[in-house]
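Commentary on secondary and tertiary structure
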Amino acid sequence: MNGPFLPPGTMTDPFGRTISYLRVSVTDRCDLRCFYCMSEDMTFLPKADLLTLEELDRLCSAFIAKGVRKLRLTGGEPLVRRNVMSLVRSLSRHLRTGDLDELTLTTNGSQLARFAGELADCGVRRINVSLDTLDADKFRDITRWGEIDKVLAGIEAAREAGLHVKINAVALKGLNEDEIPALMRWAHGKGMDLTLIEVMPMGDIGAGRIDQYVPLSLLRARLAEQFTLADLDESSGGPARYVRVAETGGKLGFITPMTHNFCESCNRVRITCTGTLHTCLGHEDASDLRRPLRASPDNELLAAAIDRAIGLKPKGHDFIIDRRHNRPSVSRHMSVTGG
């Protein structure tokens, strides 16, 4: 999967932010149907529209040559893409050369028991697992048909393989908000960080966003009544703000796209499985990289298209929950963009 060579460079957007973090959705498909992410009866992209694994490798490698140091594979659920581990193994060459600092992925954990060992062998050192509850019935309600035992087994397999696991939980009004303390104790008890995420208004999912949304400022205030939270002056390169919980010794993160705009330090862009580049999760911006990728065997056209897209990156997102019309801020589903 070795693509044509591009000279090294640094990508800087119009606001002086260096783009060093690339998130790549390898598929829009998922084996779960979390109700805040997808509608139950999703229409997925035709497989012919997806970039091949070889094209994804070439595209990622082009970004690495232009200064990307952290690469995260997402979905949908990335581990349901057929032969996806061949892509992971090929991309791991950039870790060995030192051109890439980190190769990681975000997963729902359902397939981790199968792939955790191989991920570790490929140089993956940490992963994010999306898990909103430890209650089997709630888990089935949220995912519509998921089995939590598979996810918990996958998490244990990842830990046994030496992977550092961070748990991501979406705060859902009236559903899991009272469970956050228990989820935090469980995660911290296993040496795993926990990050809480506000519901993001993306895609028509057949349900009202206002019915799901709970501000993390409210949850943090509730947690502060039970726990000692000390702000940490550190970042994982993402939008989370972290605290240390004295009673558990663990880290707790807050991702607050609705109540706090975290765009001033944004260093990331996202590519969909069809080769569309989004420079902001909260905008409808889109740049087609599939056409220049396929137009030439070298990367000259691709590099120029990337530069043009980075030059259009907005200063910040415009997320808002439309209380009057109950419409999403962004029409595409989270599963298409990859978070």
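In what follows, the accompanying structure is described. (Residues numbered from 1 in each chain as written. Predicted model: local features only at pLDDT ≥ 70, side-chain atom pairs only at ≥ 80, totals over all residues. Heavy atoms only, no water.)

1. What to know about the side chain of Ser-110
- Along the polypeptide, Ser-110 turns up in the loop between β5 (102-107) and α4 (112-121).
- Given a relative accessible area of 16%, Ser-110 falls into the buried group.
- A distance of 2.8 Å separates polar atoms of two side chains, one belonging to Ser-110 and the other to Asn-108.
- Of note is the side chain of Ser-110, whose polar atom sits 3.5 Å from the side chain of Gln-111.
- Those residues in contact with Ser-110, other than ones at most four positions away along the chain, are Asp-31, Lys-150 and Val-151. (Helix = DSSP H or I, 4+ residues; strand = E, 2+ residues; numbered from the N terminus. Buried < 20%, exposed > 50% of the residue type's maximum accessible area, 1.4 Å probe, protein only. Polar contact = N/O pair within 3.5 Å; in protein donor to acceptor, adjacent residues only side chain to side chain. Contact = heavy atoms within 4.5 Å.)

2. Examining the pattern of salt bridges
- Summed over the entire model, instances satisfying the criterion amount to 14 salt bridges.
- A salt bridge links Arg-140 to Asp-137, with the shortest nitrogen-to-oxygen separation between them at 3.3 Å. Of the two residues, Arg-140 and Asp-137 are both situated in helix α5 (residues 136-143); the distance of 3 residues between them amounts to about one turn of the helix.
- Between Glu-177 and Arg-222 there is a salt bridge, with its nearest N and O atoms 2.8 Å apart. Of the two residues, Glu-177 sits in the loop between β7 (164-170) and α7 (180-189) while Arg-222 sits in helix α8 (residues 216-224), which places them 45 residues apart along the sequence.
- Residues joined by salt bridges that share partners form a network here, namely Lys-70, Glu-102 and Arg-126. (Salt bridge = Lys/Arg side-chain N within 4 Å of Asp/Glu carboxyl O.)

3. Some remarks on α4
- Three or more residues of α4 are buried, namely Leu-112, Phe-115, Ala-116, Leu-119 and Ala-120. Buried residues of α4, seen end-on, are gathered within an arc of 140° and therefore sit on one face of the element. Opposite its buried face, α4 presents the exposed residues Arg-114 and Asp-121, each directed more than 90 degrees away.
- Buried-residue contacts for α4 involve α2 (84-91), β5, β6 (126-130) and α6 (148-160). (Arc of directions from axis to C-beta.)

4. Regarding the pairing of β7
- Here β7 lies mainly inside the structure; 6 of its 7 residues are buried.
- Bridge count for β6 against β7 is 5 bridges, and the pairing is parallel. Across the sheet, Asn-128 pairs through a bridge with Lys-166, a residue of β7.
- In the sheet, β7 pairs with strand β8 (residues 193-197) via 5 bridges, with the strands oriented parallel. (Pairing = 2+ DSSP bridges.)

5. With respect to the nonpolar core
- Ranked by size, the top nonpolar core spans 92 residues in total, and within it Phe-63, Leu-71 and Ile-167 carry the most contacts.
- By residue number, the principal contributor to this core is helix α1 (residues 53-65), which donates 7 residues.
- Excluding residues within four positions of it along the chain, Leu-71 makes contact with Leu-22, Val-24, Cys-60, Ile-64, Leu-91, Leu-100, Glu-102, Leu-103 and Thr-104. (Core = buried A, V, L, I, M, F, W, Y, C linked by side-chain atoms within 4.5 Å.)

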